[in-house]
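Here's the letter readout for the chains.
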Amino acid sequence: MKRDEIVRRDKQFLWHPYTPMDAYIAEVDPIVVASAAGSWLTDLDGTRYLDGNSSWWVASLGHGHPRLLRVLAEQSATLAHCSLAGITHEPGVRLAEELCAIAPPGLSRVFYTDNGSTSIEVAVKMAAQLWRQSGAPRKSRFVALEGAFHGDTLGATSLGGIEVFRRPFANIVFDCVHVPSPAEGGHERAFEAIARILRAEGDSIAAVVIEPVVQGAAGMQIYDPAYLRALRELTRETDVLLIVDEVFTGYGRTGPMWACEHAGITPDLLCLGKAFASLLPMGATLATERVFDAFRGPKENALYYGHTFCGHPLGAALAREVLAIYRDEAVLAQVARKGRRIAQAFDALAALPGVERVRSIGMIGAADLADGAAGYLGPVGWRVYEEARKRGAYLRPLGSTVYVCPPLTISDEDLDRLLEILDESIRAVR
Ligand SMILES: *Cc1c(COP(=O)(O)O)cnc(C)c1O
């Protein structure tokens, strides 16, 4: 199909995620991705774009890694699909074992899901059911942070603390207490707030759900790991489960393999997705033996839950190869080095007119632009997006926050170019 024909039929038949469709149909000439390799997306018209957000935070190893493509072909030729319903397969078994070996110590059981949202859903259900069969059925409410994002299924939406995403569903979500974010106005004060709630109402609370160290969709809000460490103590003291959402922060995005490592903690449940299987939808929820034990015994204690595609052999084989590539290409060491480059570049952006605040951690850098209080739906981030596109980078904003979140394996040269484009694009909209 010709490029303009694809765009025409796109606008006739497609409904895009997170997209006001009227504005899209009237104004947007989308990038039509024909191929992707390494850190680059190539439009059908031949224009190349640096993938500034790793295609929605997924492609930590870039696009088209030859080892992943080889495993995909090999696994497809032997076992492309089967269920995990009381039968098993080697890629799934080996992956579970490998995950337990590198997870924060104490996480010893792997439950497979098919994306980030469902890895949260199952964690929520595990927490709720655990208390019912541990003699504390009143413990059924959840606590999450203001600005939290845990996915788009209804359970994950209930936990979400981003007003624009939550509002249409406010009348159908389950009960979740939203507490101040440690990224806003000091983590000590935020901790006092959650401590008050857990100490007063812990006997009705099942779990705290939290993005460790970085609240991604809230605009890359970074907070002090001391909060997470204190929260782990607090949840132990008040007998509340701690569910950590590493869907975005896992796999070295913030430096170490798990953002939990900044605080040296092990949660009761840890949720994975995105970079996990690199190019197929797949997720996992890791549990401690204490959580697992609550589901043993009589048959009615079992977890009657499972997504059709959970433990998909292709995803499992890919996820194993992802871990092998992390080892063989010393990906975390690359992050340590390139992260310093990102930090320097964002520190420099702070001096530009119109930039209100900058921050960075690992392979994430973010800058808040002055938007006259227009908030998430304001135009300034999109103006930078357009400028960046003219210069050869795909830099989708989060409201008035512009950020980079490139493949961890991006070359030094491409990283420098990406940071340069961001700098030029911010200057251009002023
Ligand atoms: C993206 C994301 C999710 C949801 O993952 P999906 O694969 O889109 O369902 C959950 N939590 C966090 C922190 C995320 O960034």
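Quantities reported herein were computed from a predicted structural model and do not represent experimental measurements.

Chemist: Describe in detail the environment of Ala-218, supporting the description with residues and values.
Modeler: With respect to the helices and strands, the residue Ala-218 is situated in the loop between strand 8 (214–215) and strand 9 (221–222). Those residues in contact with Ala-218, other than ones at most four positions away along the chain, are Gly-147 and Ile-162.

Chemist: Now, about helix 15 (residues 412–428): what can you tell me, with residues and values included?
Modeler: Each α-helix turn comprises 3.6 residues. Residues three or four places apart therefore point the same way. In this model, helix 15 (17 residues) spans 24 Å end to end at C-alpha, consistent with the 24 Å of a helix rising 1.5 Å per residue. Of the residues making up helix 15, those classed as buried are Asp-414, Leu-415, Leu-418, Leu-419, Ile-421, Leu-422, Ser-425 and Ile-426. All buried residues of helix 15 lie within an arc of 155° about the axis, which places them on one face of the element. In this structure, helix 15 carries Glu-413 and Arg-427 as exposed residues pointing more than 90 degrees from its buried face.

Chemist: Account for the domain arrangement of the protein, naming residues and giving values.
Modeler: When the domains of the protein are assigned, the result is domain 1 (31–64 + 330–429) and domain 2 (66–328). In this structure, domain 1 and domain 2 have C-alpha centres spaced 26 Å apart. Counting residues at the interface gives 27 residues for domain 1 and 30 residues for domain 2. Here domain 1 packs against domain 2, burying approximately 2,400 Å² in sum over the two surfaces, 68% of which is carbon and sulfur. Among the residues domain 1 hides against domain 2, the three largest losses belong to Trp-57, Leu-61 and Ile-361. Together they make up 26% of the total. Put simply, the parts of the chain that give the side of domain 1 that touches domain 2 at least two residues each are helix 3 (54–57), helix 13 (331–349), strand 13 (355–361), strand 14 (364–369) and strand 16 (401–404). Of the residues forming the side of domain 1 that touches domain 2, the biggest block, 4 residues, is contributed by strand 13. Along the lines of polarity and charge, the residues of the side of domain 1 that touches domain 2 split into 19 nonpolar, 6 polar and 2 charged.

Chemist: Talk me through the sheet that holds strand 7 (residues 205–210); I want residue IDs and the actual numbers.
Modeler: If you walk across this open sheet you meet the 7 strands as 4-12-11-10-7-5-6, and the pairing is mixed. The sheet is open, and its two borders are formed by strand 4 (107–113) and strand 6 (176–179), each paired with just one other strand. Between one strand axis and the next, the sheet turns by 20° as a mean value, whatever way the strands run. Sheet topology note: the strand 10 (residues 241–245)/strand 11 (residues 269–272) ladder contains 3 bridges and is parallel. If you follow Asp-245 over to strand 11, its bridge partner there is Cys-271. Contacting strand 5 (141–145), strand 6 and strand 7, helix 9 (residues 187–201) runs over the sheet at an angle of about 160° to strand 7.

Chemist: I'd like to hear about the pattern of salt bridges, residue by residue, with values.
Modeler: Within this structure, the stated rule accounts for 28 salt bridges. The salt bridge partner of Arg-138 is Asp-203, with a shortest N-O separation of 3.4 Å. Of this pair, Arg-138 sits in the loop between helix 6 (116–132) and strand 5 while Asp-203 sits in the loop between helix 9 and strand 7, and the two are 65 residues apart along the sequence. What makes Arg-138 exposed here is its relative accessible area of 55%. A salt bridge links Glu-201 to Arg-141; the nearest nitrogen and oxygen atoms lie 3.0 Å apart. In this pair, Glu-201 sits in helix 9 while Arg-141 sits in strand 5, placing the two residues 60 residues apart along the sequence. Overall, the relative accessible area of 19% leaves Arg-141 in the buried class. Connected through salt bridges with shared partners, the residues Glu-387, Lys-390, Arg-391, Arg-417, Glu-420 and Glu-424 form a single ionic network.

Rules and cut-offs
- Positions within a chain are numbered from 1, following the residues in the order the chain's sequence is written.
- Only residues with pLDDT of at least 70 get local features here, since the model is predicted, and only at 80 or more are side-chain atom pairs given and counted; chain-wide, interface and lining totals rely on the full set of residues.
- Hydrogens and water are ignored here; the side-chain numbers use all heavy atoms of the structure.
- The way it works is that DSSP assigns letters per residue, a run of H or I at least four long becomes a helix, a run of E at least two long becomes a strand, and they are numbered from the N terminus.
- Whether two residues are in contact is decided by their heavy atoms, any of which lying within 4.5 Å being enough.
- Here the expected span of a helix is defined as 1.5 Å times the quantity of residues minus one.
- Burial classification: accessible surface area is computed with a 1.4 Å probe over protein chains only, and a residue below 20% of its type maximum counts as buried, one above 50% as exposed, and the rest as partly exposed.
- When we speak of the arc, we mean the arc of directions from the helix axis to the C-beta atoms.
- Residue ranges assigned to the domains are those given by an automatic or database domain assignment.
- By buried area we mean how much accessible surface two parts lose on assembly, using a 1.4 Å probe and totalling the loss over both.
- Three residue categories are used. Nonpolar comprises Ala, Val, Leu, Ile, Met, Phe, Trp, Tyr, Cys and Pro, charged comprises Asp, Glu, Lys and Arg, and polar comprises the others, including Gly.
- Whether two strands pair depends on DSSP finding at least two bridges between them.
- Orientation is described by axes fitted as lines to C-alpha atoms, over the contacting stretch for helices, and by angles from 0 to 180 degrees between their N-to-C directions.
- Salt bridge, as used here, is a side-chain nitrogen of Lys or Arg placed within 4 Å of a carboxyl oxygen of Asp or Glu.

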